[in-house]
Amino acid sequence: MTRCIFFLIALICLTREPVALEPNEILKTPALEERARNISKNLRCLVCQNQSIDDSDAGLARDLRLLVRKRIIAGDSDEHVISHIVSRYGDFVLLRPPFNKWTLTLWLSPLILLFIGTLGLVFYFRRKVSLDISPPLSDPEKRILERIKEEKTL
Amino acid sequence: MIGEIGHFALILGFFIALAQGILPLIGTQKNNRHLMTLASSSAIAHFGAVITSFGCLMLAFITSDFSVANVAQNSHTLKPFLYKVSGVWGNHEGSMLLWVTILALFGATIAAFGSNLPRGLRARVLAIQGLIGSAFIAFILFTSNPFLRLDTAPIEGSGLNPILQDPGLAFHPPFLYLGYVGFSVAFSFAVAALLEGRVDSPWARWVRPWTLASWCSLTLGIALGSWWAYYELGWGGWWFWDPVENASFIPWLIGTALLHSAIVVERREALKSWTILLAILTFSMSLLGTFLVRSGVLTSVHTFAADPERGVFILLLLGAISGGALTLYAIRAPLLAGGGLFSPLSREGALVLNNLLLATCAGVVLLGTLYPLVLEAVGAGKVSVGPPFFNATFIPLVIPILICCPVGAMLSWKRADLAGVFQRLKFVLLFVILIILFTTWMHGVKEVLASLGLGVAAWLIIGSFVQIIERGGFFKVPLAQALTRAFNLPRAAWGMAIAHGSLGILVIGITVSSTWQIEMIQLMQPGETISIQNYKITFKGTNSVTGPNYSGVEGEFSVTRGGKNITVLRAEKRYYPAEQSRTTEAGILSTVAGDLYAVLGEISASGAWSTRLYFNPLVSWIWVGAILMTVGGLVSLTDRHFRVGSPKSAVKRPLSSPP
Amino acid sequence: MRLSAVIPIFCLVGIGVILAMYLWQLGSGQKSVGEIPSVLIGRPAPIFNLPPLTNEGTRFSTESLKNRVSLVNIWASWCPPCRAEHPSLMTLAKRGVEIFGINYKDRKESALKFLRDLGNPYRAIGVDTLGQTAIDWGIYGYPETFVVDRKGHIRYRHVGPLSTDDISNTIIPLLKKLEK
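Before going into details, it helps to say that this report is about the structure given with it.

What counts and what doesn't
- Residues numbered from 1 in each chain as written.
- Chains lettered and ligands numbered in written order.
- Predicted model: local features only at pLDDT ≥ 70, side-chain atom pairs only at ≥ 80, totals over all residues.
- Heavy atoms only, no water.
- Helix = DSSP H or I, 4+ residues; strand = E, 2+ residues; numbered from the N terminus.
- Rg over C-alpha atoms; globule rule 2.2 N^0.38 Å.
- Buried < 20%, exposed > 50% of the residue type's maximum accessible area, 1.4 Å probe, protein only.
- Areas by Shrake-Rupley, 256 points an atom, 1.4 Å probe, with all protein chains shown as cover.
- Contact = heavy atoms within 4.5 Å.
- Lys, Arg positive; Asp, Glu negative; His and termini not counted.
- Charge placed at Lys NZ, Arg CZ, Asp CG, Glu CD.
- Buried area = accessible area lost by both parts, 1.4 Å probe.
- Salt bridge = Lys/Arg side-chain N within 4 Å of Asp/Glu carboxyl O.
- Polar contact = N/O pair within 3.5 Å; in protein donor to acceptor, adjacent residues only side chain to side chain.
- Nonpolar A, V, L, I, M, F, W, Y, C, P; charged D, E, K, R; others polar.
- Phe/Tyr/Trp six-rings, centres within 6.5 Å; stacked < 30°, edge-to-face > 60°.
- Pairing = 2+ DSSP bridges.
- Axes fitted to C-alpha atoms, helices over the stretch in contact; angles between N-to-C directions.
- Core = buried A, V, L, I, M, F, W, Y, C linked by side-chain atoms within 4.5 Å.
- Patch = residues over 30% accessible without salt bridge, like charges linked within 9 Å, V, L, I, M, F, W, Y side chains within 5 Å.
- Disulfide = S-S within 2.5 Å.

## Topic: the overall build of chain C
Along its length, chain C carries 5 helices and 7 strands. Ordered by position in the sequence, the α and β elements of chain C form the string α-β-β-β-α-β-α-β-α-β-β-α. Since a compact globule built from 180 residues should have a radius of gyration of about 16 Å, the 21 Å found for chain C marks it as more spread out than a globular shape. In terms of overall dimensions, chain C has C-alpha extents of about 80 × 35 × 30 Å along its principal axes. Buried residues in chain C amount to 54% of all 180 residues. Put simply, chain C shows about 8500 Å² of open surface, and 58% of that area lies on carbon and sulfur atoms.

## Comments concerning the overall build of chain B
Counting secondary structure elements, chain B contains 20 helices and 9 strands. Evaluated residue by residue, chain B yields a buried proportion of 62% over its 659 residues. Summarising the internal contacts of chain B: among those between residues at least 6 apart in sequence, 73% fall at separations of at least 24. Only carbon and sulfur atoms are counted for the fraction: they give 68% of the accessible area of chain B, which is about 25200 Å². Each charge class in chain B can be summarised by its mean position, and for the 42 positive and 30 negative side chains these summaries are 16 Å apart.

## Here we look at the interface of chain A and chain B
Listed per partner, the contact involves 44 residues of chain A and 52 residues of chain B. Across the interface of chain A and chain B, roughly 4100 Å² is buried in total on both sides, 67% from carbon and sulfur atoms. Run the count over chain A and chain B and you get 1 salt bridge. Between Arg-37 of chain A and Glu-519 of chain B there is a salt bridge, with the nearest N and O atoms lying 2.9 Å from each other. Remark: the boundary between chain A and chain B carries 7 residue pairs in polar contact (both at pLDDT 80 or more). Those elements that provide at least two residues to the side of chain A that touches chain B are helix H1 (2–15) and helix H5 (104–132) of chain A. The leading source of residues in the side of chain A that touches chain B is H5 of chain A, at 14 residues. Tallied by class, residues from the side of chain A that touches chain B come to 22 nonpolar, 11 polar and 11 charged.

## Describing the packing of aromatic side chains
Counted under the stated rule, the structure contains 41 aromatic pairs over all chains. Between Phe-189 of chain B and Trp-206 of chain B, the aromatic rings sit 5.9 Å apart at their centres with planes inclined by 25°, giving stacked as the arrangement. Note that Phe-189 of chain B is positioned in helix H7 (residues 167–196) and Trp-206 of chain B in helix H8 (residues 201–232), a separation of 17 residues in sequence. For the residue pair Phe-189 of chain B and Trp-206 of chain B, the accessibility class agrees, reading buried in each case. Seen in terms of ring centroids, Tyr-104 of chain C and Tyr-142 of chain C are 5.8 Å apart; in terms of plane orientation they differ by 40°. Their pairing is tilted. In this pair, Tyr-104 of chain C sits in strand E4 (residues 98–104) while Tyr-142 of chain C sits in the loop between helix H4 (132–136) and strand E6 (144–148), placing the two residues 38 residues apart along the sequence.

## Describing the environment of Val-432 of chain B
All names here are of chain B. Note that Val-432 resides in helix H15 (residues 426–443). Residue classification places Val-432 among the buried positions, given a relative accessible area of 7%. Residues Val-432 and Gly-555, spaced 123 residues apart in sequence, show a C-alpha to C-alpha distance of 44 Å.

## Quick notes on the sheet that holds strand E2 (residues 529–532) of chain B
All names here are of chain B. One open sheet holds the 5 strands; their spatial order is E2-E3-E4-E5-E6, and the pairing between them is antiparallel. Sheet topology places E2 and strand E6 (581–585) at the edges, where each strand pairs with a single neighbour. On average, each strand axis in the sheet is tilted by 25° relative to the strand beside it, whichever way the strands run. With 4 bridges joining them, E2 and strand E3 (residues 535–546) adopt antiparallel strand pairing. Among the inter-strand pairings, Ser-531 is bridged to a residue of E3, identified as Lys-536.

## Remarks on the interface of chain B and chain C
Listed per partner, the contact involves 30 residues of chain B and 24 residues of chain C. Counting each side, the surface lost to burial between chain B and chain C is near 2200 Å², with a carbon and sulfur contribution of 78%. For chain B, the biggest contributors to the area lost against chain C are Glu-376, Ala-377 and Lys-382 of chain B; these three give 22% of the whole. Along the contact surface separating chain B from chain C lie 0 salt bridges.

## Description of the nonpolar core
Counting residues in each nonpolar core, the largest one holds 168 residues, and the members touching the most others are Phe-189, Trp-203 and Ile-276 of chain B. With sequence-adjacent residues up to four places away left out, Trp-203 of chain B is seen in contact with Leu-121, Phe-189, Ala-190, Ala-193, Thr-275 and Ile-276 of chain B. Ala-36 of chain A together with Phe-48, Cys-82 and Ile-171 of chain C belong to the second-largest nonpolar core, a separate cluster that totals 70 residues.

## Notes on a positive patch on the surface
A contiguous patch of positive charge on the surface is contributed by Arg-95, Lys-176, Lys-177 and Lys-180 of chain C. In this fold, Lys-177 of chain C is placed in helix H5 (residues 164–179).

## Section: the state of the cysteines
One way to say it: the disulfide is the covalent bond shared by the sulfur atoms of two cysteines. What the rule picks out here adds up to 1 disulfide over all chains. Covalently, Cys-79 of chain C is tied to Cys-82 of chain C through a disulfide, its sulfur atoms 2.2 Å apart. Between Cys-79 of chain C and Cys-82 of chain C, the disulfide has an S-S torsion of 85° and is therefore right-handed. The closest cysteine sulfur to the non-disulfide-bonded Cys-404 of chain B is located on Cys-405 of chain B, 8.8 Å from its own sulfur.

## Let's talk about a nonpolar patch on the surface
Residues and elements named next belong to chain A. On the surface, Phe-99, Leu-104, Leu-108, Leu-111, Ile-112, Phe-115, Ile-116, Leu-119 and Phe-123 cluster together into a nonpolar patch covering about 900 Å² of accessible area. Among the structural elements, Phe-99 can be located in the loop between helix H4 (78–89) and H5. Owing to a relative accessible area of 54%, Phe-99 belongs among the exposed residues under this scheme.

## Re the sheet that holds strand E7 (residues 154–159) of chain C
Residue and element names in this part refer to chain C. Across the sheet, 5 strands lie side by side as E5-E4-E3-E6-E7; this open sheet has mixed pairing. Looking along the sheet, the strands with just one partner apiece sit at the ends: strand E5 (124–128) and E7. Each neighbouring strand pair of the sheet contributes to a mean axis angle of 20°, computed without reference to strand direction. As paired strands, strand E3 (residues 70–75) and E4 are joined by 6 bridges and run parallel to one another. Counterpart to Ile-74 in the pairing with E4 is Ile-102. The sheet contacts of helix H2 (residues 80–94) involve E3, E4 and E6, and relative to E3 the element is tilted by about 160°.

Following this line, the structure appears as structure tokens:
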């Protein structure tokens, strides 16, 4: 069953006429069009799932591109356009994962990993240093050392 | 008949590999010379059996023997010869056979060229290779057998996915596998060292060339895949942080860390247990990658059609191989005597920093790749992690690595004079600042990140060659003399300079092509001209095309510059009837300054075609940079000191001076 | 045993356990890769008002879903899996299940021909020529079928053609539960 869907989706991706962004979708106002492109680049094509809707050839991608532009013309802000789509498809449609309690570990991972690594390094160097510290000279040894120094300067 | 021979050879290979795995280890336990030397001969026999099997599968593909189910599912009589051959590894079962063949190849090479390895070490290394080999052959025989027969052979096969019928992609898997699977050698050496309880400079001198060779191959494999995506998939992108791309990138990152930490083991006999851990992890990441691609847990255009059953088998293999090695590491690592001391500010310290950052990069990419899976498994909903996440986290981590690279290469061992190194680099730093300022002035502050990228690239390119300049004596002695001196420098020094410098070329390619790409999307009637960069592109119209197994329509774009004809770009849309699928082929003109890239869209009601024309500045520098990195690695590989064998007795060599 | 040595093992075991769990979920059919769960489950159906397929037919709008338990099936004549699942829909209709259809990005003539050839199980059909209403329902594959309860809330979404197993194991029991 699930293979059916999978096959179907693959078929759609491969058999539709490859057509990513078409000239007739482009908005007249460059500033608005740029907003539309930037938003589209962050939305996952749900049919092919490995491209943004900006790059994808799927029919659904085109419909979503048109929807994004329609909402921009209607005056929605970028966040509103995105939430309009997320309310229909869920967080999965975002290529940039949202920042919430579930994704906290993900977003903070570089800092966490660097911290653990640095901690490890600090312990490593501490241990190395402590192995290197030789016991201080005892008094008789100090006197021998003084005598050698005197002899050298003579 | 061919199928039967291939099948039998594989089964034979399994038993030989098993023997190769078990007997020498018993030999090392009981100090039995005969059992230990059995390792070499069985490794060669193992390879013989597996390559025969692989050869049979290839023959079946070439002769279109459709009684073999694998051939029937993945080939077609009309397919061009090259793709009949590459079709062997264009599917799950065949590519696993390639995997296993390369594993056996590495074992046989160690057996053939490893006569100067101590007998016990060689026996253990080959034994581990044998065990891994037998495990994977078992995987093939039980879950992914390419030699299964069809009772009634169909007259025609189902063909190969047309996207895969391409020269770039034909060679991408072999290079990738030489890389991933090659890291099994470092793994085997690591486990062998743990079993012996000893890691020393000769061990590192043995491990480094194998790791370097695998790394070179993996670099080339990834670059090929990326280049292929760029010219084939029709939208000019070359990296999507797709889970399968990441699966090859993570071992690359850790493998790079391993390359660098092994240097410290060789020179200073320090960082031993960390290097062993890295060697185990690199191959484990290769195995994890294999799992991700073949188990069906991820959706990707790259994944093989696989099923969870195979996933379970690979997961068990991963658990046994990596888990076993890590457990051994946990028990034995404390035995590995610590080596030379060093100040944090030293060459060793720089290499440690390099490792820290690379390991963090690898960890972040791994986490990003697995995160959706993890959240879904625990029922926290479905989230997707795409390029925006990876770009936001990876780039800030990689920049310090790039900046420290030329500096670290110039620090001395044990305790270095950082200020002195900066003194030597002051002209480079000045030049870099000038570049950053100049680019910011030319393109504005909003593209300051690109300016910084160019600055980092210049820092890398020039900074990497400063040592060669110093040691050659350029600007101090006559040019001819300096050139001769430079030429006679050890190859390792040249290799390092080339590899690090070409990293800079790669950075330039990435920075410039992403920031200053020109894209023009419009409807064009035949005869219309568009200006892009300083080229004029005229759409000449379309004609139909036919190929050996496809038909389609081709758009012709004639390109002129300054009135002179340059070329004609042909952008195609193809239909492959056997596989019932379509592809686009972009028309590309590649120059040093950038690529012109033309894609044909749809025809509109008015007869005009929608076209997409791009100018991708300096994009070929990306692939050139990657190839040059591989060249640098190969140059290092031919350095004389790798070819000198390790001493048979335990006499300690004096530490060699730094390059 | 050193701490630094045990950490990698922990990580490996952790990853292994999660992957094994996921594999098990895939194998038992609980989850499937590539399938996106609907975010509309438990929420009211989107607001829409679609013209009918034929002039004599009734419009299909959000109001039509109130006070009855129904299926909403998104289909098109050019979609082969829709053709494959149609007999199952006919059987359900004959058993008295209320099925509404949204004709997705289709041509009237082709849709009518489809229904003439295979039968019409739909109580009402809304025409969604541009596919914008379908986006409001969150569709990404076709056909898709939704189960809607009396209050007009979506209770279940099925992507792809309905097999007889899907109907007897999931749809019918759910409909029975909602009817009560």
